[in-house]
Amino acid sequence: AARGRLVPVEVTGPRGAKVTAAYGAVAWRDIPPAARTGGLRDTTKSGQRRSGMRILLVEDEVELARWVARALEQGGFVIEHVADGLQAEARLMAEEYDAVVLDLRLPGKDGLAVLKAMRGRDDRTPVLILTAQDTLDERVRGLNLGADDYLPKPFAIAELEARILALIRRSR
């Protein structure tokens, strides 16, 4: 759902209770995590099912970020984009996400430092590193610091979507 637009959704809670609400009328962080992970069903006229999974996209290449965000939104994800490591840390401390797609070379604070800080405060949000740095040492270092997956650029959007879904599925 686009920010500012109210979309009627049916939220299924952990015990199967269903509540229809206007997504966007309340802050996402005010919806209990168990209700969020129970699934969201779009009840708009299109009738298409949407996952409603919130992804923080941390990418400093603006055009690439727009393309990735647009493609993932078409797949039903809710994307929030930031372009530097300091903004990423601020968002991660203020909001909850289902997954993070994290570039390594970022202004402000590099991606591995953001990842290390996340894991240092016991933030277990799944992290997929998406970067042009495709050396074995970089992959191993990122995974050892707590990344859950790694996808080198260039990549296919279908593979990115599949990897994000697998990360979220394993984290629940």
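Think of each chain on its own: its residues are numbered from 1, step by step along the sequence as written. Totals for whole chains, interfaces and linings use every residue, but because this is a predicted model, local features are given only for residues with pLDDT of at least 70 and side-chain atom pairs only at 80 or more, for both listing and counting. Note: side-chain values were computed over all heavy atoms of the structure, leaving out hydrogens and water.

Peer 1: Explain the environment of Arg105 to me, please; I cannot follow it from the model alone.
Peer 2: Per the convention used, a helix needs a DSSP run of H or I reaching at least four residues, while a strand needs a run of E reaching at least two, with both numbered from the N terminus. Here Arg105 is to be found in the loop between strand E6 (99-102) and helix H4 (111-120). Of the residues examined, Arg105 reaches a relative accessible area of 60% and is grouped as exposed. Note: C-alpha distance between Arg105 and Asp60 (45 residues apart in sequence) is 8.1 Å. In contact with Arg105, other than residues within four places in its own chain, are Asp60 and Gln133. Per-residue accessibility, obtained with a 1.4 Å probe over protein chains only, is compared with the maximum for each type, and a residue is labelled buried under 20%, exposed over 50%, and partly exposed between these values. What makes two residues a contact is simply this: any of their non-hydrogen atoms within 4.5 Å.

Peer 1: I would appreciate a short explanation of the pairing of strand E8 (residues 149-152) in the present structure.
Peer 2: Consecutive side chains along a regular strand alternate between the two faces of the sheet. Strand pairing is assigned whenever DSSP identifies at least 2 bridges connecting the two strands. Inspection of the sheet shows strand E7 (residues 127-131) paired to E8 by four bridges, in the parallel sense. By the bridge assignment, Ile129 is partnered in E8 with Tyr150. The handedness rule is simple: strands pointing away from the viewer, and a clockwise path from the first strand over the helix to the second, make the crossover right-handed. Remark: the E7/helix H5 (residues 136-144)/E8 crossover connection has right-handed handedness.

Peer 1: Please explain H4 as it appears in this structure.
Peer 2: Because an α-helix packs 3.6 residues into every turn, residues spaced three or four apart end up facing the same way. Three or more residues of H4 are buried, namely Gly111, Leu112, Val114, Leu115 and Met118. Viewed end-on, H4 has its buried residues packed into an arc of 155°, placing them on one side of the element. H4 presents Lys116 and Gly120 as exposed residues on the side facing more than 90 degrees away from its buried surface. On its buried side, H4 packs onto helix H3 (85-94), E6, E7 and H5. Once H4 ends, the next one or two residues include Asp122, with phi positive near 65°. The directions considered for the arc run from the helix axis to the C-beta atoms.

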